[in-house]
Amino acid sequence: MLVRERFKNYSKDHCWQYEIRLQNLEDDLKAIGLSKNEMEKLSVDDFYFSDVVKIQTEEKKWTKEQEKQYKKECEEIKDFIKKHEWLGNIPNRPTHRFTARLKENNALAGVVIMATPNTFSHLLGKENRDLEKLVARGASISWAPKNLGSWIVSQSVKWMVRNTDFRIFTAYSDPEAKELGTIYQAMNWTYLGQTSGTAKQYLDPAKPNKGWFSDRDFRKKSKYKMYAENIGLDKDLWKSWMKKYSPNWDIIPADIKTKIKQEEEKYRSSCISRTVPPKHKYCYILGRSKKETKQLKQLFVENNPKKINLPYPKKRGE
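Rules behind the numbers
- Residues numbered from 1 in each chain as written.
- Predicted model: local features only at pLDDT ≥ 70, side-chain atom pairs only at ≥ 80, totals over all residues.
- Heavy atoms only, no water.
- Pairing = 2+ DSSP bridges.
- Helix = DSSP H or I, 4+ residues; strand = E, 2+ residues; numbered from the N terminus.
- Contact = heavy atoms within 4.5 Å.
- pLDDT = per-residue confidence, 0-100.
- Expected span 1.5 Å × (residues − 1).
- Buried < 20%, exposed > 50% of the residue type's maximum accessible area, 1.4 Å probe, protein only.
- Arc of directions from axis to C-beta.
- Phe/Tyr/Trp six-rings, centres within 6.5 Å; stacked < 30°, edge-to-face > 60°.
- Core = buried A, V, L, I, M, F, W, Y, C linked by side-chain atoms within 4.5 Å.

Draft legend 1. How the structure looks around the sheet that holds strand 8 (residues 213-214). Read from one edge to the other, the open sheet built from three strands follows the order 8-7-9, with strand pairing classed as antiparallel. Two strands in the sheet have a free side with no partner beyond their single neighbour: strand 8 and strand 9 (272-275). Sheet topology note: the strand 7 (residues 200-203)/strand 9 ladder contains four bridges and is antiparallel. Paired with Y202 across the strands is S273, a residue of strand 9.

Draft legend 2. Main features of the environment of V112. Note on placement: V112 falls in strand 3 (residues 108-115). Residue contacts for V112: discarding those within four places in its chain leaves H96, R97, F98, V135, R137, G138, I152, V153 and S156.

Draft legend 3. Layout of the confidence of the model for the chain. Put simply, the chain has an average pLDDT of 90, and 95% of its residues get 70 or more. Residue range residues 1-6 is modelled with pLDDT below 50. Its contacts to residues more than four positions away, or to other chains, number 25 contacts.

Draft legend 4. Representation of helix 3 (residues 64-84). For helix 3, with 21 residues, the first-to-last C-alpha span of 30 Å sits near the 30 Å given by 1.5 Å per residue. Taken residue by residue, helix 3 has Y70, E73, C74, I77, F80, I81 and H84 as its buried positions. Projection of helix 3 onto a plane perpendicular to its axis shows the buried side chains occupying an angular sector of 120 degrees, all on one side. Exposed residues pointing more than 90 degrees away from the buried face of helix 3 are listed as K64, E65, K68, K71, K72 and K82. Packed against the buried residues of helix 3 are helix 1 (16-32), strand 1 (47-52), strand 2 (94-102), strand 3 and strand 4 (132-140).

Draft legend 5. Molecular detail of the packing of aromatic side chains. Counted by the stated rule, this structure contains 17 aromatic pairs. Ring centres of F49 and F98 lie 5.6 Å apart, and the angle between their planes is 15 degrees; this geometry places the pair in the stacked category. With F49 in strand 1 and F98 in strand 2, the pair connects residues that are 49 residues apart, well separated along the chain.

Draft legend 6. Representation of the nonpolar core within the structure. If you look at the biggest cluster of nonpolar residues, it comprises 44 residues, and the most contacted ones within it are M114, V135, W143, F169 and W189. Of all the elements in the fold, those that place two or more residues in this core are helix 1, strand 1, helix 3, strand 2, strand 3, strand 4, helix 4 (148-163) and strand 5 (168-173). The greatest single-element share of this core, amounting to seven residues, is contributed by helix 4. Setting aside its immediate chain neighbours within four residues, M114 contacts P94, T95, H96, F98, K133, L134, V135, A136, S156, V157, M160 and F169. Counting residues in hydrophobic clusters, the runner-up holds 15 residues, among them Y224, A228, W241 and I252.

Below you can see the structure in the form of C-alpha cells.
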C-alpha cells in the first residue's frame, strides 16, 4: 500500500489519489480474486448503492444487533478511506456515510462521507446556512470502473435530498495533491474558485503518523478534553460544560477558560507548521422538485454574482 505523505516531491501528471489506485491495484485484485480482464468488463450496473446512516426516533429505537452492524460498517468505511483515499482519515463531524458494493459478492468498492462544514459558505444566504452539507471524503477501489466515483456521489446527493432538508452540497479539491475536481466537473457542479481552506497546516512531532492537519484540529472535542485533563479538571465537570462539538464558554469560569486557551496555544506551539495553497471549491444545488431547484439556484445567483460561470481549472498543481 502506498505510504500516505504529502507529495512534496511528487512530479507525475495525474493526481495523487489516482497514484494510490495504481499502487493498490495488484493487491486489490488478488484480495477479491479478479483478473484484469474481468475488471475491465465491470460497469456501474454491477454495483448497488446503500446508505450507512443512523436514523432512529423515540418510537423506533435500534436493536443491539442493528447498532452492532452500524458500528461494523463504520469501521469498514474507516479502513477503506485509510487505504484508498489520499488524506487517509475520517473528517471532522461526519454525519452521513454511503457505499457502493459489488452485487456479486458484496465487496466494498466505493465510499462517500458527508459532514457538517467547518465553516458554512452562506451560498444561499446566511438564513439558509443549514441547507449546506459537505462532501468531505470519497474514494473508489482500484478495480472499480472509472465512473463509479461520480455515480456514488450523485446517488448520495439524491439520497440526502429525498431524506433530509439539505439542498446545497459543497466539496473541495486539493491542488497540492494535483487534484482538479475532475469528478465534480464531469457532474456539472458549479466551480467557486480557488480561495478556500486553511492557510497553514500542522504536524505533531509526537504523532508523525497522524500526518498534517488544519488549524481546526486544535479546537476539536477530543483536543479540548486533552486540555482539560492537562490542567487537572474533573472529567465529569468538564463533560457538563461541553456542547456537542465544543465547550459552552458561556458557563465556563473565566479563569478556567484562560487556562484552556493557554493549553491550546501550548500544544499549537509544540507542532511544526507550514503554509499550503488554497483549495478549489465546488457546489451543487438540488431540490426535491424542479421548481425548488430553480428557486434555490436563483438564490445562489443573487447571493454570489461574482461566482457565476467561473471556468473550471484545467492545469494540475497550481
